[in-house]
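Here is how the chains run, residue by residue.
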Amino acid sequence: MAQVIDGKYEVLRKIADGGMSSVYLVRDLHLGKRWAMKVLRERDGNQSDPQLIKYLMGEAWRMKELSHPALPLVVDVLMIRDRIHIIMEYVSGQTLEQILLKQGCLPQKEVVRIGIELCRVLIYLHTRKPAMIYRDMKPSNVIITPEGDVKLIDFGIMREYKKNGREDTISLGTMGYAAPEQFGGMGQTDPRTDVYGLGMTL
């Protein structure tokens, strides 16, 4: 028997598994439309930390307010058994990481095109009030759709910039792509952090 979430979303299959989340393909039983459902896992398996749950829930709701062609549309945010479920647009295609593994380095012209699109979405995030800092730019978080469009995915560690903040509430990032300040002790992350990650990705 298929699992149904919130009486509305039928789970079809698991799409991906990451350090902080699992992603499933689901079908909206009311609309018949397919969505991606991201289930966030708290750090260290601690599902009872109210501060962390509040932080993750706040980030999920901020995602719902975003609207940009290179960002997946978020349509619902649910809290079920202390786990946050984010229902969003299902983006088909391949990640840059998958493409690189199959065919090696991309032609310069294509790298420039993708870089420009990623700059545009970062400008959008950084000009929100307050600015949103993505913090996780890397090839595995950039999808190229069958139509050639660029989509940025996985907003699990995105944060809101605090004008008078001294450092991030939670220090996270991917070694090799994340800027040094993402690991604490060097002030809070800001738009320059994402520029660093974009440079490493390119």
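Peer 1: Now, about the layout of surface pockets: what can you tell me, with residues and values included?
Peer 2: Taken as a whole, the largest pocket holds about 850 Å³ of empty space. In this structure, the largest pocket is lined by 34 residues; those nearest its centre are A16, V23, N141, I153 and D154. Elements with a minimum of two residues in the lining of the largest pocket: β2 (9-17), β3 (21-28), β4 (34-40), β6 (83-89), β7 (94-95) and α2 (96-103). The residue makeup of the lining of the largest pocket, split by class, is 14 nonpolar, 13 polar and seven charged.

Peer 1: Before we move on, could you go through the confidence of the model for the protein chain and cite the residues and values that matter?
Peer 2: When pLDDT is averaged along the protein chain, the result is 84; 82% of the residues meet or exceed 70. Here strand β11 (residues 159-160) stands out as the least confident element of the protein chain, with mean pLDDT 70; helix α3 (residues 108-126) is the most confident, with 97.

Peer 1: So, the environment of A36: which residues are in play, and what are the values?
Peer 2: The topology assignment puts A36 in strand β4. Take A36: its relative accessible area is 8%, and that puts it in the buried class. When near neighbours in sequence (up to four residues on either side) are disregarded, A36 contacts V23, Y24, I86, I87, M88, E89 and Y90.

Peer 1: Describe unusual backbone geometry, naming the residues involved and giving the relevant values.
Peer 2: Of note, the amide linkage connecting K129 to P130 takes the cis form, showing an omega dihedral of 0°. Residue position: P130 is located in the loop between α3 and β8 (132-133). The phi dihedral of D6 falls on the positive side, at around 60°, and the residue is not glycine. Tracing the chain through its elements places D6 in the loop between β1 (4-5) and β2. Here the phi dihedral of R135 falls at roughly 70°; this positive angle occurs in a residue that is not glycine.

Peer 1: Describe the sheet that holds β6, and please don't skip the residues or the numbers.
Peer 2: Two modes of strand pairing occur in sheets, parallel and antiparallel, and in both the strands are linked by backbone hydrogen bonds. Strand order in this open sheet of six strands is β1-β2-β3-β4-β6-β5, and the pairing throughout is antiparallel. Edge positions in the open sheet fall to β1 and β5 (74-80), since each of these has one partner strand only. Pairing of β2 with β3 involves seven bridges; the strand directions are antiparallel. The partner of V11 across the bridge, within β3, is V26.

Peer 1: How would you summarise the pattern of salt bridges if you had to cite specific residues and measurements?
Peer 2: A complete count under the given rule lists nine salt bridges for this structure. Between E117 and R120 there is a salt bridge, and its shortest N-O distance comes to 2.7 Å. Of this pair, E117 and R120 both sit in helix α3, three residues apart, which is roughly one turn of the helix. Overall, the relative accessible area of 26% leaves E117 in the partly exposed class.

Peer 1: Describe the side chain of T95, naming the residues involved and giving the relevant values.
Peer 2: With respect to the helices and strands, T95 occurs in strand β7. Here T95 is in contact with P139, S140, V142 and I143, once residues within four sequence places are set aside.

Peer 1: Tell me about the nonpolar core, and name the residues and values.
Peer 2: Counting residues in hydrophobic clusters, the biggest one holds 32 residues, and the most contacted among them are L125 and L152. Of all the secondary-structure elements, those providing two or more residues to this core are β4, α1 (50-64), β5, β6, α2, α3, β9 (142-144) and β10 (150-152). Of all the elements, α3 adds the most residues to this core, at six residues. In this view, L152 contacts A70, L71, P72, L118, V121, Y134, M137, N141 and V142; residues no more than four positions away in its chain are not counted.

Rules used throughout
Sequence positions are assigned chain by chain, starting from 1 and proceeding in written order. Only residues with pLDDT of at least 70 are given local features in this predicted model, and only at 80 or more are side-chain atom pairs given and counted; all residues enter the totals for whole chains, interfaces and linings. Just so you know, side-chain values use all the structure's heavy atoms and leave hydrogens and water out. Grid points spaced at 1 Å over the protein atoms alone were grouped into cavities, where a 1.4 Å probe fits but cannot get out, and pockets, open sets with protein on both sides within 12 Å along at least five of seven lines, with lining residues defined by an atom within 4 Å of a point. Grid points are joined across faces, edges and corners, and a volume is the space filled by probe spheres set on the points. Note on conventions: DSSP H or I runs of at least 4 residues are helices, E runs of at least 2 residues are strands, and numbering of each starts at the N terminus. When residue character is reported, Ala, Val, Leu, Ile, Met, Phe, Trp, Tyr, Cys and Pro are called nonpolar, Asp, Glu, Lys and Arg charged, and the others, Gly included, polar. Confidence scores per residue from the predictor, reported as pLDDT, run from 0 to 100. Categorising residues by exposure relies on relative accessible area from a 1.4 Å probe, with only protein chains included: less than 20% of the type maximum marks a residue as buried, more than 50% marks it as exposed, and the intermediate range marks it as partly exposed. Residues are treated as being in contact if the distance between any of their heavy atoms lies within 4.5 Å. Between any two strands, at least two bridges found by DSSP are needed for them to pair. Should a side-chain nitrogen of Lys or Arg be within 4 Å of a carboxyl oxygen of Asp or Glu, the pair is scored as a salt bridge. We define a nonpolar core as any set of buried Ala, Val, Leu, Ile, Met, Phe, Trp, Tyr and Cys residues linked to one another through side-chain atoms lying within 4.5 Å.

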